[in-house]
Amino acid sequence: MKTPLAAPATDSSLAWHRAALLMIVTSLTGFGIIMIYSASAFRAARGGGWSMSYAWNQFSWLGVAVVALFTLSRIPHTFWLRLRWPILLVTYMLLAFVLTPLGTRVNGANRWFRFAGFNVQPSELAKNGMIVVIAAFLARIPDGRPKLFRHVIPLCCLCGVAVGLVAVEPDFGTASLLASALGVLMLAGGVRLWQFFLLILPAIPAAAWIGYTKFDYINRRVHTWAAGEAYHTNASEVAIGSGGLWGVGLGQGPSKLDYLPEAHTDFIFAMIGQETGLAGALSIVLLFAILVWQGLAIARKAPDRFGSLLATGFTILIGAQAVFNMGVVTGLLPPKGISLPFVSFGGSGLVVFYSMVGLMLAITRPVPVAAENPADLTVKYRPIAAFRSDIVDSGAG
């Protein structure tokens, strides 16, 4: 007997969104490797090294990322719904263990595990894990209307543990990003605006105050940025401004010659602005805008609530990280140490983002209806339920 398929997943337009999403990701990654080589060649060749070492390292990680994307795209997305508790446990364990001597301490922060010469950042893996977990819990609320005490407060506690563990590494940039993405996902999952204001908004100034008063590096960054004395920001703005409309040419940007720190990682967007000009920078912005559009289209046409929330969460996280990075590079935000998705140098980050895309591609394929509760998984779901006007219940039960 054949396994029944979820009918909504046969929407032919999903194939177009799948192809468009792959094209955008491939374009960003390809251009990123070119810019990584351009931005890192001088640094790599200094002292007799190989000028392409950083670019080759990224290309090698790309192979791992593609395997992850292909594998996850072939697994029915509903499979992960059943693994929400193990995923949550593993996420917490990785974030906790990196704070112990098992983690590698660099520049005063415990953010990495080092295995056989490779660095793995648990906070990057936590992005995937927490999006899957929160989407799974929201999808299992029968009527899509989370109650304050039964659902919203427990979900906030689950998010708070992960965000708090990332923050104490310390990594307030990633913690802020993760909190923002999970907050929007909860709104998409039906959390009312009044519930959001009651629980989440008061936590924002409290977290900001703790970070500002308890962590000296945050205090220094905010002060120097507000006073216009942040070296990274100033060097980045000089690089972007010197690019003009069409840029100085690939490989010709002078800022990478030790003037702009982290030119191949967190500030690669500044090198794009310098070497390809305003035209190149706006092209990257346009590609991310199209990526977000395609991701939300997949969320809107997903065959079930879990798929809709999963696509929404990943899309918002990728888009938010791109906005955060560009905001830092252009001086609109204080330096945070957040990379540009698919473009910046970083193997574990590339694998994580390709994994997100793989899970989103899985949503576009027909999947077997889950045996445990087929009706719950195949109900068409409208994202961003917080803004619906047809729901009048108090949601406090």
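Residues numbered from 1 in each chain as written. Predicted model: local features only at pLDDT ≥ 70, side-chain atom pairs only at ≥ 80, totals over all residues. Heavy atoms only, no water.

Attention now moves to the sheet that holds strand S1 (residues 104-106). In spatial order, the strands read S1-S2-S3; together these three strands make up an open sheet with antiparallel pairing. Each edge of the open sheet carries a strand with a single partner, namely S1 and strand S3 (118-120). Pairs of neighbouring strands in the sheet enclose a mean axial angle of 50°, with direction left out of account. Bridging between S1 and strand S2 (residues 109-115) involves three bridges; their strand directions are antiparallel. Bridging from a neighbouring strand, arginine 105 pairs with asparagine 110 of S2. (Pairing = 2+ DSSP bridges. Helix = DSSP H or I, 4+ residues; strand = E, 2+ residues; numbered from the N terminus. Axes fitted to C-alpha atoms, helices over the stretch in contact; angles between N-to-C directions.)

The next subject is the confidence of the model for the chain. Taken over all residues, the pLDDT of the chain has a mean of 85, while the share at 70 or more is 88%. Note on residues 1-10: pLDDT is under 50 here. Beyond four places in sequence and across chains, it has 21 contacts. Predicted confidence for residues 370-394 stays below pLDDT 50, and this span has 55 contacts to residues more than four positions away or in other chains. (pLDDT = per-residue confidence, 0-100. Contact = heavy atoms within 4.5 Å.)

In this structure, Leu28, Ile134, Ile284, Phe288, Phe306, Leu340 and Phe342 are the most contacted members of the largest nonpolar core, which totals 97 residues. Among the elements that take part in this core, helix H11 (residues 268-300) stands out by supplying twelve residues, more than any other. Once residues lying within four places of it in the same chain are set aside, the contact partners of phenylalanine 288 are Leu28, Ile318, Ala322, Met326, Leu340, Pro341 and Phe342. (Core = buried A, V, L, I, M, F, W, Y, C linked by side-chain atoms within 4.5 Å. Buried < 20%, exposed > 50% of the residue type's maximum accessible area, 1.4 Å probe, protein only.)

Moving on: unusual backbone geometry. Of note, the amide linkage connecting glutamate 169 to proline 170 takes the cis form, showing an omega dihedral of 0°. When you line up the elements, proline 170 lands in the loop between helix H5 (148-167) and helix H6 (172-188). Even without glycine at this site, glutamate 262 takes up a positive phi of about 55°. Structurally, glutamate 262 is set in the loop between helix H10 (231-242) and H11. Despite not being glycine, phenylalanine 342 has its phi angle at roughly 70°, a positive value. Relative to the elements of secondary structure, phenylalanine 342 occurs in the loop between helix H12 (305-329) and helix H13 (347-363). With relative accessibility at 3%, the residue phenylalanine 342 sits in the buried group.

Turning our eyes to something else, we now look at the packing of aromatic side chains. Per the counting criterion, the structure on display carries eight aromatic pairs. Ring centres 6.3 Å apart and planes at 65° place the aromatic pair phenylalanine 196 and phenylalanine 197 in the edge-to-face group. Each ring, one from phenylalanine 342 and one from tyrosine 354, has its centre 5.9 Å from the other, and the planes form 65°; the classification is edge-to-face. Of this pair, phenylalanine 342 sits in the loop between H12 and H13 while tyrosine 354 sits in helix H13, placing them twelve residues apart in sequence. Judged by its relative accessible area of 6%, tyrosine 354 falls in the buried class. Aromatic ring contacts, followed pair by pair, group Phe342, Phe353 and Tyr354 into a single cluster. (Phe/Tyr/Trp six-rings, centres within 6.5 Å; stacked < 30°, edge-to-face > 60°.)

Okay, the packing of helix H1 (residues 13-45) against helix H2 (residues 53-74) next. Running from N to C, H1 and H2 point in directions that differ by 155°, and their axes come no closer than 7 Å. By the angle between their directions, the pair H1 and H2 is classed as roughly antiparallel. Pair H1 / H2 crosses with right-handed handedness. Across the interface between the two elements, Leu22, Thr29, Ile33, Ile36, Tyr37, Ser40, Arg43 and Ala44 from H1 touch Ser53, Tyr54, Ala55, Gln58, Phe59, Leu62 and Leu69 from H2. Taken together, the residues of the contact of H1 with H2 sort by class into ten nonpolar, four polar and one charged. (Parallel < 35°, antiparallel > 145°, perpendicular 65-115°, else oblique. Left-handed = near helix turned anticlockwise from the far one by under 90°. Nonpolar A, V, L, I, M, F, W, Y, C, P; charged D, E, K, R; others polar.)

Side chains that differ in charge, positive against negative, can pair when their charged atoms come close. Applying the stated criterion to the full structure yields three salt bridges. In this structure, aspartate 258 and arginine 46 form a salt bridge, with 2.6 Å as the shortest nitrogen-oxygen distance. Placement of aspartate 258 in the loop between H10 and H11 and of arginine 46 in the loop between H1 and H2 is noted, with a sequence separation of 212 residues between them. Residue lysine 256 pairs with glutamate 275 through a salt bridge whose shortest N-O separation is 3.1 Å. Of this pair, lysine 256 sits in the loop between H10 and H11 while glutamate 275 is found in helix H11, placing the two residues 19 residues apart along the sequence. Glutamate 275 sits in the buried class, given a relative accessible area of 2%. (Salt bridge = Lys/Arg side-chain N within 4 Å of Asp/Glu carboxyl O.)

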